[in-house]
Amino acid sequence: MNEKTKEICVLGGLYFAISYIIDLVDGFASNLSMIFDILFVILFFMILFGKKFAFLQKFINKFPKLSVYLYYIGFVGYILFVFDLLVLGPTEFISLSEVVQKYIAWSVATINIVGVLLALILATRNVFFKKK
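Description of the structure in this document. (Residues numbered from 1 in each chain as written. Predicted model: local features only at pLDDT ≥ 70, side-chain atom pairs only at ≥ 80, totals over all residues. Heavy atoms only, no water.)

### A closer look at the overall build of the chain
Looking only at helices and strands, the chain features five helices and zero strands. Ordering the α and β elements of the chain from the N terminus gives α-α-α-α-α. Principal-axis analysis of the C-alpha atoms gives the chain an extent of 50 × 40 × 30 Å. Looking at the chain residue by residue over its 132 residues, the buried ones come to 29%. Counted over contacts in the chain with a minimum sequence separation of 6, partners at least 24 positions apart contribute 75%. Accessible surface for the chain amounts to roughly 9400 Å². Of this, 73% is attributable to carbon and sulfur atoms. (Helix = DSSP H or I, 4+ residues; strand = E, 2+ residues; numbered from the N terminus. Buried < 20%, exposed > 50% of the residue type's maximum accessible area, 1.4 Å probe, protein only. Contact = heavy atoms within 4.5 Å. Areas by Shrake-Rupley, 256 points an atom, 1.4 Å probe, with all protein chains shown as cover.)

### Some points on the packing of aromatic side chains
Under the criterion given, the structure shown has twelve aromatic pairs. Following the ring pairs from residue to residue traces out a cluster consisting of Tyr15, Phe16, Phe36, Phe40, Phe44, Phe45, Phe49 and Tyr78. (Phe/Tyr/Trp six-rings, centres within 6.5 Å; stacked < 30°, edge-to-face > 60°.)

### Comments concerning helix α1 (residues 3-25)
The terminal C-alpha atoms of α1, which comprises 23 residues, lie 33 Å apart, in line with the 33 Å expected from a rise of 1.5 Å per residue. Within the sequence span of α1, burial applies to Glu7, Ile8, Cys9, Val10, Leu11, Gly12, Gly13, Tyr15, Ser19 and Ile22. The opening residue of α1, the one whose side-chain oxygen lies 3.3 Å from the backbone nitrogen of Lys4, is Asn2. Looking at the residues trailing α1, positive phi occurs at Asp26, about 60°. (Expected span 1.5 Å × (residues − 1). Polar contact = N/O pair within 3.5 Å; in protein donor to acceptor, adjacent residues only side chain to side chain.)

Quick look at the structure:
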């Protein structure tokens, strides 16, 4: 596995997990969420263009099993993010009935839940059921 890919996916896993927790809190956390989003985008592009961060390497080395989970959550999270943009983006510009928009939203939400469950299953398989 490429080191840059691993760092980007672990960063994505951290971002998706922490942003989920922040979204549960609501209220004052909306400002915190915006700051966290900007920080994630900056770190993402810095890693993408070759910058290494010691805190990320220390985290991966200190928590190898958790970093596998975050890797899979980040990897699947990026795929689902692109899928959501490709599906939900055009629906904003197309005149659809409210019922159709509701079905599309429910379908995308279902795919996202299945994707996260798949990521957790793959990570558990990789961490606890290693090949001999």
